[in-house]
Amino acid sequence: MEIVQKKGATDGAFLIKDDDGNVIAEMTYVWSGDNHFIINHTMVNSQYRGHGLGKKMLEEAVEFARENNCTISPLCSFTRVLFDRNREYDDVRNSGK
């Protein structure tokens, strides 16, 4: 399984597809300025929950933010919990939390 990023002018997503091309996990975001985005939703297909797919997508989002000098606001509850538990994301977390 590979994580792909779908980029739009005002929003985007990190997607994981199965071998048949079906989306099995998705993390969506919206831009709030040039260097800040808000992760607003994370979904993992029920049969794939517990396999760490949500965290893998978050890792991809954090890497994207680091490479592009962006900050992230973790609005969805899943990402907010991971940001709160992992100090390693502090460098990209928007100071407004």
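That block above? That's the structure.
Residues numbered from 1 in each chain as written. Predicted model: local features only at pLDDT ≥ 70, side-chain atom pairs only at ≥ 80, totals over all residues. Heavy atoms only, no water.

Caption draft 1: Structural detail: unusual backbone geometry. Unusually for a residue other than glycine, asparagine 69 sits at a positive phi of about 50°. Mapped onto the fold, asparagine 69 is located in the loop between helix H1 (53–67) and strand E5 (71–74). (Helix = DSSP H or I, 4+ residues; strand = E, 2+ residues; numbered from the N terminus.)

Caption draft 2: View of the pairing of E5. Here 4 bridges tie strand E4 (residues 36–44) to E5, and the two strands are oriented parallel to one another. For histidine 36, the partnering residue across the bridge sits in E5 and is threonine 71. In this fold, the crossover linking E4 to E5 by way of H1 has right-handed handedness. (Pairing = 2+ DSSP bridges. Right-handed = clockwise from strand over helix to strand, strands pointing away.)

Caption draft 3: Here's a closer look at the layout of surface pockets. In this model, the largest pocket occupies a volume close to 220 Å³. Forming the walls of the largest pocket are 15 residues, and the residues nearest its centre are Thr42, Val44, Gly54, Lys55 and Phe78. Counting only elements with at least two residues in the lining of the largest pocket, the list comes to E4, H1 and helix H2 (77–85). Classifying every residue of the lining of the largest pocket gives 7 nonpolar, 6 polar and 2 charged. (1 Å grid on protein atoms, 1.4 Å probe; cavity = no way out; pocket = protein on both sides within 12 Å on 5 of 7 lines; lining within 4 Å. Points joined across faces, edges and corners; volume = space filled by probe spheres on them. Nonpolar A, V, L, I, M, F, W, Y, C, P; charged D, E, K, R; others polar.)

Limitation: the analysis is restricted to geometry and does not speak to function.
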